[in-house]
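Examining the three-dimensional arrangement
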Amino acid sequence: MSTSPARISRIIVRDFRFFPGDETCTFNLGDDGKNLLLFGENGSGKSSLFQGLRLLLSEKPPTAAFENYRNVFCPGVEGTIAIELTAGTPHDLAWQYGEPHPAGGGDVAFFDLARRATFLDYKALLRTNVFHEDVDCINLFALLVEVLLRDAELPDGRTVFDHWDALQHLEASTPPLAADDGESEESPCAAEQINEEAAAFRNQLDDLLNVSAGGGVSIVAVANRLLAKLTAGLEIRTQVAPLEVAEVSDDPAMQPHTLAGAEVRLIATYAGQPIDHPARFLNEGRLTAMALALYLAAAHLTTPRGGELPRLLILDDVLIGLDWSNRLPILKIIDEEFADWQVVLMTFDRVWFDLVREHTEQTGRWCYLTLRELPNGAGQPGRPIVEGCTNLLERAETHLANGDLMAAAVYIRAAFETRLKNVCCNYGVKVAYKPNPKNVKADQLWDAIVERQKARQAEGKADFIEPTLMQDVETVRSTVRNRLSHVGAPNLVTAEVAQALNTIRRLQNYEFKKVS
């Protein structure tokens, strides 16, 4: 009988970079190990959390000991970065101050989990485009070999990075001495041996990218399938250059061989036109879409499947280069292609956080946390605090029960506006164009929904929205919501705020009709 993989239930951080040593920060993902959507403004500790998880789940011990990452303003004696799992062995994993990294212990379960973790942040995305504008091509060799495909297994049983490392430090065999009769067996010289191994590595890397990775489907083929969901008319291909030794090291154990041709060129085709140097021609949105598609395809095909441990996808602000029209398709890709993964999605964009939350809340597979910086006294940096994100309407209900009508009305309005954005986006409701989506007001969104309803009624089609619900929403707009827009303290009435709360809750739960 097969069982579902264990998942991360808690992430624990103490005395690591921005996290102080005098208290523990716990990110609770639930006893069933939900996906995590984390909001935090710049400087709140998101990057510290991302780096901590990446270091913890590194297959090799970090070059620096834990003590080098301790909080310099408030160090403690029990620093840790740890994860607890819902089930299985080990039940938890930790890297602690004064203790060796778990990669040094040879625990098979640890390495199994580490191989299943994929990390991606905006800095890595930049390596696919911005840093290549002043060179002849986009060369992804180092990024692929050292980061993206580092732990992918090649047909010879070695990982990409291990094979590359072994190639650079290859100890060539010494030709045999000549016999007494002056004859000796032919033996390849060192350069020939290295070139033979280099060709084998190059061909396996080419196959992984372009021919047969993951059950006969190449990484590039999957990347193009994902890319088609993000932007029309754009495809990519990779061109792996021949690899050969340029200089043989006398002592490869200490000084690696110098190899020429370490190049994987990224080439694009846009609207049927080949683009040899995408970074010089394509805009940031398309470059980001290309990079995300390539990263996600590689993760999907090369990360081990099955077993008792989860596959992890941890993303830190990777969507900041995409316009709003391409952000929700990425969310859909994650939902469809990574449904059996555990996902951690971090963002500093509050509007995007609210939209993702609205989009995913009904699935029951996500939890929502915020990370913010608390003031810590004059001249001292703040400290992070982890807070749960209750539903906007739940917050409104709490304030209403406490008699704070103003606060209740503010949260009701926020829930109303978030729901409208989600409906217009998911159901293709046409709204007047604004260069910045944040400038599209709630009134415009609601008016567009009303126009959709009128059009369907005129065509004799099923209602897009229930007429009685539409009328109740109009009542809310003319009372509670409009009063919040007036200068001065609004004249709110408890019964009206309660009615508004119930109406917007109905709107939030209402299933709109798809266009037929």
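Just above sits the structure.
Keep in mind it's a predicted model, so treat the numbers as computed, not measured.

Let's talk about the sheet that holds strand E10 (residues 264–270)
One open sheet accounts for 3 strands, arranged E7-E10-E11; its pairing is antiparallel. Across the chains shown, the open sheet's two edge strands, defined by having one partner strand only, are strand E7 (234–240) and strand E11 (273–275). Here the average twist between neighbouring strands, direction ignored, is 25°. The pairing of E7 with E10 spans 7 bridges and is classified as antiparallel. Of the residues in E10, the one forming a bridge with Ile 236 is Ala 268. Across the sheet, helix H10 (residues 284–302) is in contact with E7 and E10; its angle to E7 comes to roughly 60°.

Side note on the environment of Glu 235
Position of Glu 235 among the secondary structure elements: in strand E7. Judged by its relative accessible area of 48%, Glu 235 falls in the partly exposed class. The sequence separation of Glu 235 and Ile 275 amounts to 40 residues, and the corresponding C-alpha distance is 9.9 Å. Those residues in contact with Glu 235, other than ones at most four positions away along the chain, are Asn 224, Leu 227, Ile 267, Ala 268 and Thr 269.

Section: a negative patch on the surface
Together, Glu 171, Glu 247, Asp 250 and Asp 251 make up a negatively charged patch on the protein surface. Among the structural elements, Asp 251 can be located in the loop between strand E8 (244–247) and strand E9 (258–260).

Overview of the side chain of Arg 311
Here Arg 311 lies in the loop between H10 and strand E12 (312–316). Separated by 3.1 Å, the side chains of Arg 311 and Asp 340 make a polar contact.

Details of the pattern of salt bridges
The tally for this structure, following the rule as stated, stands at 29 salt bridges. With its nearest N and O atoms 2.9 Å apart, the salt bridge here joins Asp 112 to Arg 116. What makes Asp 112 partly exposed here is its relative accessible area of 22%. Given the relative accessible area of 4%, Arg 116 is considered buried. For the salt bridge of Arg 372 with Glu 387, the shortest nitrogen-to-oxygen distance reads 2.9 Å. With Arg 372 in strand E14 (residues 366–374) and Glu 387 in strand E15 (residues 383–388), the pair connects residues that are 15 residues apart, well separated along the chain.

Notes on the sheet that holds strand E5 (residues 92–96)
Across a sheet, strands are paired by hydrogen bonds formed along the backbone, either parallel or antiparallel in direction. Within the open sheet, the 4 strands sit side by side as E2-E1-E4-E5. Their pairing is antiparallel. In this open sheet, the two edge strands, each paired with only one partner strand, are strand E2 (25–28) and E5. With direction set aside, neighbouring strand axes in the sheet form an average angle of 10°. Looking at chain direction, strand E1 (residues 8–14) and strand E4 (residues 80–85) are connected through 6 bridges and run antiparallel. When the bridges of E4 are listed, Ile 12 appears paired with Ala 82.

Criteria and thresholds
Residues numbered from 1 in each chain as written. Predicted model: local features only at pLDDT ≥ 70, side-chain atom pairs only at ≥ 80, totals over all residues. Heavy atoms only, no water. Pairing = 2+ DSSP bridges. Helix = DSSP H or I, 4+ residues; strand = E, 2+ residues; numbered from the N terminus. Axes fitted to C-alpha atoms, helices over the stretch in contact; angles between N-to-C directions. Contact = heavy atoms within 4.5 Å. Buried < 20%, exposed > 50% of the residue type's maximum accessible area, 1.4 Å probe, protein only. Patch = residues over 30% accessible without salt bridge, like charges linked within 9 Å, V, L, I, M, F, W, Y side chains within 5 Å. Areas by Shrake-Rupley, 256 points an atom, 1.4 Å probe, with all protein chains shown as cover. Salt bridge = Lys/Arg side-chain N within 4 Å of Asp/Glu carboxyl O. Lys, Arg positive; Asp, Glu negative; His and termini not counted. Charge placed at Lys NZ, Arg CZ, Asp CG, Glu CD. Polar contact = N/O pair within 3.5 Å; in protein donor to acceptor, adjacent residues only side chain to side chain.

Just distances and angles here, no functional claims.
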